Amino acid sequence: MIRLIATDLDGTLLCPGGKEISPRNAKALEAAVSKGVHVIISTGRLHTGALPYARLLPGDVPVISANGAVVRTSRSGAYLRRCPVEPHLAREILPLLRAAGMSPWFYIGDTCWAERRDEGTAALEARTGARIECVGDLAEKAEDGAEKILGILPHDKTARLQDELSEMYRGKLYVTRSAPNQIEILSPDATKGLALEFAAQKLGIAREEIVAFGDNFNDLELFRGAGIKVAMGNAEEPLKAAADIVTGTNEESGVAQVLEELLSQQD
């Protein structure tokens, strides 16, 4: 029996463009909630970027944001879990990212901090509504606790940089990608899977009662916290290989395709 749905947003629950839930997906989530199934949004976005969708659900529900570094409630905004990068590591890694050609950003609270505005910050602001603030040197914000350090690079550089940083900071930092061209660096305790495990325990839900939906590399960790793992038709190949089910694309309301079948088995 499914008691909890954990779903990524961009490339998964949301239509292409990252702004709307399809009517079919919305109907499937509504049907799940009506049967007493919990729904948790699990996203790499800032908490504020998840709220328009989390608030479609009834109650003050947990929301996993910043790729698992943060769990906050959808209406009160209360922090249930927060795992920032250690300040000395945040300062230490900045020169390495700049040397690789990246203009890094910090996610802290409800704000994305950057050293300058560019096409990347403009696209983030347009797609997710993120608040962008600039500071001359991001190292000045390290003591505030960067929940996520991220940036954009050409596709051919991201996998190599991920491998290099993962080896250099093994056990100290979690390095992943939420898109082929986007590196994300977090505390080792900040993964979607650990955040999901935390939220599920608070709700009294076992791992085998959870279905998780995702499309990208950072959702591999989300899958570790779920009994049923569903990759979108548009997912990266490693995610499809790790999935129990490969559904339709986000353009085809792939989330609803699976939920309709699973919920029909619980009538």
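The structure we're discussing is the one just above.
So, how was this worked out
Residues numbered from 1 in each chain as written. Predicted model: local features only at pLDDT ≥ 70, side-chain atom pairs only at ≥ 80, totals over all residues. Heavy atoms only, no water. Helix = DSSP H or I, 4+ residues; strand = E, 2+ residues; numbered from the N terminus. Contact = heavy atoms within 4.5 Å. Buried < 20%, exposed > 50% of the residue type's maximum accessible area, 1.4 Å probe, protein only. Phe/Tyr/Trp six-rings, centres within 6.5 Å; stacked < 30°, edge-to-face > 60°. Lys NZ or Arg CZ within 6 Å of the ring centre and 35° of its normal. Salt bridge = Lys/Arg side-chain N within 4 Å of Asp/Glu carboxyl O. Expected span 1.5 Å × (residues − 1). Arc of directions from axis to C-beta.

Caption draft 1: Geometry of the environment of A78. Mapped onto the elements of the fold, A78 is located in the loop between β4 (70-73) and β5 (79-82). Leave out the neighbours within four places in its chain, and A78 touches V71, R72 and T73.

Caption draft 2: Fine view of unusual backbone geometry. Unlike most non-glycine residues, N67 shows phi in positive territory, near 65°. In this structure, N67 sits in the loop between β3 (62-65) and β4. Residue classification places N67 among the buried residues on the basis of a relative accessible area of 0%. Although it is not a glycine, S253 sits at a positive phi angle of roughly 55°. Considering the arrangement of structural elements, one finds S253 in the loop between β14 (245-246) and α10 (254-264).

Caption draft 3: The packing of aromatic side chains, seen in detail. Counted by the stated rule, this structure contains 0 aromatic pairs. The ring centre of F217 lies 4.0 Å from the NZ or CZ of R177, which sits over that ring.

Caption draft 4: Region of the structure containing the pattern of salt bridges. Within this structure, the stated rule accounts for 18 salt bridges. Between K229 and D244 there is a salt bridge, with the nearest N and O atoms lying 4.0 Å from each other. Of this pair, K229 sits in strand β13 (residues 228-231) while D244 sits in the loop between α9 (237-242) and β14; the two residues are 15 residues apart in sequence, bridging distant segments of the chain. Put simply, D8, K192 and D219 are held in one network by salt bridges that share partners.

Caption draft 5: The arrangement of helix α2 (residues 23-34) in detail. With 12 residues, α2 should cover 16 Å at 1.5 Å per step; its first-to-last C-alpha distance of 16 Å lies within 8% of that length. Within α2, the full set of buried residues consists of N25, A28, L29 and A32. In an axial view of α2, the angular spread of the buried residues amounts to 95°, which keeps them on one side of the axis. The exposed set on the far side of α2, more than 90 degrees from its buried face, consists of P23, K27, E30 and S34. Looking at the packing, one finds that the buried side of α2 touches β1 (4-7), α1 (9-13), β2 (38-41) and α10.

Coordinates in, geometry out; function isn't part of it.
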